[in-house]
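This is what each chain is made of:
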Amino acid sequence: MPLFNPYLTVTDEPVTPIRLIRTADLASWRAALSEAEQRWVQSAGFEARPGQVVWLPDDSGRPARVAAGWDGRDTLESLGGLPLVLPEGVYRVENPVSELQYLGWATGSY
């Protein structure tokens, strides 16, 4: 594990969490959501397909976190398209991801 990771930073800014949802795990992920979140995900048509994202609201209804569809593979595309569809901001991927996936994020941000 490198001592310096160029894909990570420390910030005092608000950070939006991103959760990668494997297509095969969609049903169990949705079952763990609140009823309001389940309705939100359904109305957005989110099916956890690669490249698909849905914002989940906080208790006040404001966008608070992101779920992104993922096929479970370790590829550049796992995160590479996210910077193209998410607004500018500071994000944290909650799942363990590889350097290749982080490189995809960096390439998509370029």
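Cut-offs used in this document
- Residues numbered from 1 in each chain as written.
- Predicted model: local features only at pLDDT ≥ 70, side-chain atom pairs only at ≥ 80, totals over all residues.
- Heavy atoms only, no water.
- Salt bridge = Lys/Arg side-chain N within 4 Å of Asp/Glu carboxyl O.
- Buried < 20%, exposed > 50% of the residue type's maximum accessible area, 1.4 Å probe, protein only.
- Pairing = 2+ DSSP bridges.
- Helix = DSSP H or I, 4+ residues; strand = E, 2+ residues; numbered from the N terminus.
- Phe/Tyr/Trp six-rings, centres within 6.5 Å; stacked < 30°, edge-to-face > 60°.
- Contact = heavy atoms within 4.5 Å.

Q: Honestly, the pattern of salt bridges in this entry has me stumped. Any pointers?
A: All chains considered together, the criterion is met by six salt bridges. We note a salt bridge from Arg73 to Asp71, for which the minimum N-O separation is 2.8 Å. Between Glu94 and Arg92 there is a salt bridge, with its nearest N and O atoms 3.8 Å apart. Judged by its relative accessible area of 41%, Arg92 is partly exposed.

Q: Even after reading the chapter, I still don't get the pairing of strand β3 (residues 63-70), so can you show me in this structure?
A: Sheet faces and side chains relate simply in a regular strand, where the side chains alternate between the two faces. Two elements, strand β1 (residues 16-22) and β3, share five bridges in a ladder whose sense is parallel. Looking at β3, one finds that Ile18 is bridged to Val66. Counting the residues between successive antiparallel strands, the hairpin from strand β2 (residues 53-57) to β3 contains five residues, one of them, Gly61, with a positive phi of roughly 95 degrees.

Q: Is there a simple way to think about the packing of aromatic side chains in this case?
A: In this description, a pair of aromatic rings is defined by centroid distance and the angle of the planes. Tallied over the full model, the rule gives three aromatic pairs. A connected cluster of aromatic rings, assembled from ring pairs, spans Trp55, Tyr91 and Trp105.

Q: What's the story with the environment of Leu26 in this structure? I'm lost.
A: Checked against the element boundaries, Leu26 lands in helix α1 (residues 26-31). Separated by 29 residues in the primary sequence, Leu26 and Trp55 place their C-alpha atoms 15 Å from one another. In contact with Leu26, not counting residues within four places along its chain, are Ile21, Phe46, Glu47 and Ala48.

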